[in-house]
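Overview (structure and organization)
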Amino acid sequence: MTAPSSSSPLSLGIDIGGTFTDLVILDPADGRASIWKESTTPDDPSRGAITGLQRLLARDRIAASTIGRVVHATTLFTNALIERKGAPTGLLTTAGFADVLEIGRERKYELYDLFLEMPRPLVPRPWRREAKERLAPDGSIERPLDVEATLAEVADLVAQGVTSLAICFLHSYANPVHERMAAEAIAARFPRLSLSLSCDIAPEIREYPRTATTAANAYVRPIAETYLDTLEAALKQTGIPGGLFLMLSNGGLTHVAEAKRAPVQLLESGPAAGALAGAWFGRHAGLERVLAFDMGGTTAKLALVDDGEPLVAWGFEAARTKRFLRGSGLPIQIATVELIEIGAGGGSIARRSELGTLNVGPESAGAQPGPVCYGRGGTEPTVTDSDLALGYLNPDFFLGGTMRIDPGPAVAALRGLSSQLGLEAGRAAPGIHDLVNENMAGAARVAIAERGRIPSDYALLATGGAAPVHAWNVATKLGVSRVVCPPGAGAGSTIGMLMAPARIDRVTSRNEALAAADWAEITAAFEALEREALEVVGDTGADLARCTVRRLADMRYVGQGSEITVALPERLDAGGVLAAFERAYRQLFGRTPPGANVQFVALRLSASAPMPGAGATLRIGGGEAGGEALKGHRRVHFPDAGEIETPVYNRYGLAPGVVLEGPAVFEENESTFVVGPRARIGVLPDGSILAERVA
């Protein structure tokens, strides 16, 4: 790719992961894509991204001036929460509620652990201050805000070094007047203090999640502002004139100003992009139900895609004390693609457990030092080392031959682990591979069952550098008969970002019985949310003429402690809304309680519109398109068949319509797709490889 094929500007995607930074340049006119993987630089993630960009531009002779937009996802803000490396943050809340962050839900995530470690609050106790004010649950003022006393508390925080402040008053979701009054006075007195208001970030009921979400936003907001300013400047210095857009956790894009205002929306941006890639490639492959499986160097993520769209949740947990244990993290009330995360990636370390058994992950070798085979100082065997020893990976064609990996040290490290476990020398590698696959399949089984589905209804679609290696064997464990590997799978998340629409989700509290609902007020509330959302979407340059607006509501039976989110009918009336609620309730729980009254808890609105430059097709070549397909043979280990002499194909030499039989290995620059015996393999029109199990 030397220049865009038409006057259409190019699009650049940058996804900074734990091990590799993926970059994709897409020509939306004809779908041509150029891909580059650069080792992530943990000390300064933007450095690796800019280095990789310069190498990609030079390799494919692309002028930076032809790039019209940049789409970016990063784990920087998530890592700041996990490592507690955010800004010095204070909390201003209603008198009597300073310990909400400490009290939490008063629920133990491990009932019998006497030494349980609860998530540490982002705001230390001395920096949690109280304001003299009080609102009733309906928003009426019971005690006016004492502005001068509030300013005195904030002045003390600023004197102690606080640079960011979360303001979260009781019942401000019903009436934001006191939060806004306090913010106006504080901004006038302390203009350099960063402010995050709960009425802007999470205007919903439940004090602990609302306060935790607002505190998280305040904690990362100064970092986000600095990082995004630095990245924008670096891109401009490279010669890119296009604007910067950020991937949100909800699977949509937004502009820099919105990302700076509420960076908490970006916490799951990278994983969300992987789910979008699964949905996009699934639609093009004609698949309605897809289990999007994204496995990189550090973690694996799974997302259910029904009817071409990934499922969206309205909250998740960040910075878990026990990374994969529900209830051990900070509750974040934002819209996010529903994901199952497993501590299994190419860099996951295999060790002997205290019980003498094999344990893999969640600790990862990351980018530095990386797996043993990288030759960067790693000494403990990893999943990548085992995949190399089993014949899945080609040491001379890792990352298309741009990175040499050495099987010798990897095999030696695996022998050492076998010895520690009291096993034969060659047993560790297949054990690591099988255990990782079982961990991922187990998580998928639970997630699918919780939603009333069965695995055989889905096709497994693999993206990420490691997922195509493991997908066939994971599918075998799940009983899934179809596995799809799209082109450019190793950079699937980045491709997903480039195809993503602009999207904004907004919410307002609405505590009202359905039978007594004021439909005029509800309609007006939705119209206000829509105006606010469309203003942000419009600022991205998205095509508002093709905008899709969805109205939803959090609803429950009166007396219940939790609610479900329901897609509302176009015509808002009691009968139609009740039918929608009962239909959604039955789908989840099988039946509805007779005679129970229903109530609203919150109103939600989602607005999305396609972005210019997204493209409708994708063409990826490695410089060898149309060449010889069969590269040779090598011995590859398969769990049920042992070592088999297996044909190895150059993916770029396979034309659509080609039919093959398993076992087979397909190599491309960014990943390797491994298919076991008893498989029928076909290349689809979009270049995806579909492998189907033959009985």
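Position labels on residues start from 1 in each chain and follow its written sequence. With pLDDT at 70 or above as the cut-off, local features in this predicted model cover only qualifying residues; side-chain atom pairs require 80 or more to be listed or tallied, and sums for whole chains, interfaces and linings still use all residues. As a convention, hydrogens and water are excluded, and side-chain values are obtained from all of the structure's heavy atoms.

1. A word on the packing of helix α12 (residues 428-450) against helix α13 (residues 467-478)
Applicable threshold: Whenever a helix is involved, its axis is fitted only over the stretch in contact; in every case the axis is a line through C-alpha atoms, and angles between N-to-C directions fall within 0 to 180 degrees. A run of H or I in DSSP becomes a helix once it reaches four residues, and a run of E becomes a strand once it reaches two; helices and strands are each numbered from the N terminus. Any angle from 65 to 115 degrees is called roughly perpendicular, while one under 35 is roughly parallel, one over 145 is roughly antiparallel, and all others are oblique. By definition, any crossing whose near helix is turned counterclockwise from its far helix by less than a right angle is left-handed, and any crossing with a clockwise turn is right-handed. Residue contacts follow a heavy-atom distance rule, with two residues in contact if any of their heavy atoms lie within 4.5 Å. Here the nonpolar group is Ala, Val, Leu, Ile, Met, Phe, Trp, Tyr, Cys and Pro; Asp, Glu, Lys and Arg are the charged ones; every other residue, Gly included, is treated as polar.
The contact between α12 and α13 brings their axes to 9 Å, and the two run at 55°. Comparing the axis directions of α12 and α13 gives the class oblique. For the element pair α12 and α13, the recorded crossing hand is right-handed. Where α12 approaches α13, its residues His 433, Asp 434, Val 436, Asn 437, Glu 438, Met 440, Ala 441, Ala 444 and Arg 445 are matched on the opposing element by Val 469, His 470, Asn 473, Val 474, Lys 477 and Leu 478. Here the residues of the contact of α12 with α13 sort into 7 nonpolar, 4 polar and 4 charged.

2. Points about unusual backbone geometry
As a reminder, the rule being used: A 1.4 Å probe rolled over the protein chains alone gives each residue an accessible area, and that area as a share of the maximum for its type sets the label: buried under 20%, exposed over 50%, partly exposed in between.
In this chain, Gly 662 is followed by Pro 663 through a cis amide linkage whose omega measures 5°. Along the chain, Pro 663 falls in the loop between β32 (659-661) and β33 (664-667). If you check the backbone angles, His 171 has positive phi at about 65° while not being a glycine. The topology assignment puts His 171 in the loop between β9 (164-168) and α5 (177-189). The class of His 171 is buried, set by a relative accessible area of 13%.

3. A few points about the sheet that holds strand β30 (residues 630-638)
Selection criterion: A pair of strands is considered paired only if DSSP assigns at least 2 bridges between the two.
Spatial ordering of the open sheet is given by β30-β31-β33-β34, a layout of 4 strands whose pairing is mixed. Either end of the sheet is taken by a strand with one partner, and the two such strands are β30 and β34 (672-675). Going from strand to strand, the sheet's axes swing by 25° on average, the running direction of each strand aside. Relative to β34, β33 runs antiparallel, the two sharing 4 bridges. Along β34, the bridge assignment pairs Glu 667 with Thr 672.

4. A few points about the pattern of salt bridges
In plain terms, the rule: Any Lys or Arg side-chain nitrogen found within 4 Å of a carboxyl oxygen on Asp or Glu counts as a salt bridge.
The tally for this structure, following the rule as stated, stands at 46 salt bridges. Of the charged contacts in the structure, one is a salt bridge between Arg 506 and Glu 258, with a shortest N-O distance of 3.2 Å. With a gap of 248 residues between them, Arg 506 in strand β25 (residues 502-513) and Glu 258 in helix α8 (residues 256-261) connect regions that are remote in the sequence. For Arg 506, a relative accessible area of 11% gives the class buried. Exposure remark for Glu 258: the relative accessible area of 4% places this residue in the buried category. What emerges from the salt-bridge pattern is a single network uniting Asp 99, Glu 102, Arg 125 and Arg 128.

5. Some words on the environment of Val 436
Here Val 436 shows up in helix α12. Val 436 sits 90 residues away from Gly 346 along the chain, and the two C-alpha atoms are 9.9 Å apart.

6. Details of the pairing of strand β5 (residues 89-94)
Of all 6 residues making up β5, 6 are buried, and the element is well covered by its neighbours. Note that β5 and β9 share 5 bridges and pair parallel. Paired with Thr 89 across the two strands is Ser 164, which belongs to β9. The pairing of β5 with strand β6 (residues 128-131) spans 4 bridges and is parallel. Directly across from Leu 92, in β6, lies its bridge partner Arg 129.

7. Comments concerning the packing of aromatic side chains
Given two aromatic rings, their pairing is described by the distance between the two centres and the angle made by the two planes. We count it as follows: The criterion for an aromatic pair is that two Phe, Tyr or Trp rings (for Trp, the six-membered ring) have centres within 6.5 Å, with stacked assigned to planes under 30 degrees apart, edge-to-face to planes over 60 apart and tilted to the rest. Whether a charge lies above a ring is judged from NZ of Lys or CZ of Arg, which has to be within 6 Å of the ring centre and within 35 degrees of the ring normal.
All told, the structure shown has 10 aromatic pairs when counted by the stated rule. An angle of 80° between the planes, with centres 6.0 Å apart, marks the rings of Trp 519 and Phe 600 as edge-to-face. Here Trp 519 is found in helix α15 (residues 519-539), whereas its partner Phe 600 is found in strand β28 (residues 598-609), with 81 residues between them in sequence. With relative accessibility at 0%, the residue Phe 600 sits in the buried group. Taking 5.0 Å as the distance between ring centres and 80° as the angle between the ring planes, the aromatic pair formed by Tyr 557 and Tyr 585 counts as edge-to-face. With Tyr 557 in strand β26 (residues 548-557) and Tyr 585 in helix α16 (residues 574-589), this residue pair connects regions lying 28 residues apart in the sequence. The pair formed by Tyr 557 and Tyr 585 is uniform in burial state, with each residue classed as buried. Following the ring pairs from residue to residue traces out a cluster consisting of Tyr 557, Phe 581, Tyr 585 and Phe 589. Directly above the ring of Phe 397 sits Lys 631, whose terminal nitrogen or CZ lies 3.7 Å from the centroid.

8. A few points about the state of the cysteines
To keep it simple, the criterion reads: Note on terminology: pairs of cysteine sulfur atoms within 2.5 Å are recorded as disulfides.
Applying the stated criterion across every chain, the model contains 0 disulfides. The cysteine Cys 485 is free of any disulfide, with Cys 373 supplying the nearest cysteine sulfur at 20 Å. Residue classification places Cys 485 among the buried residues on the basis of a relative accessible area of 0%.

Nothing here speaks to function; it is geometry throughout.
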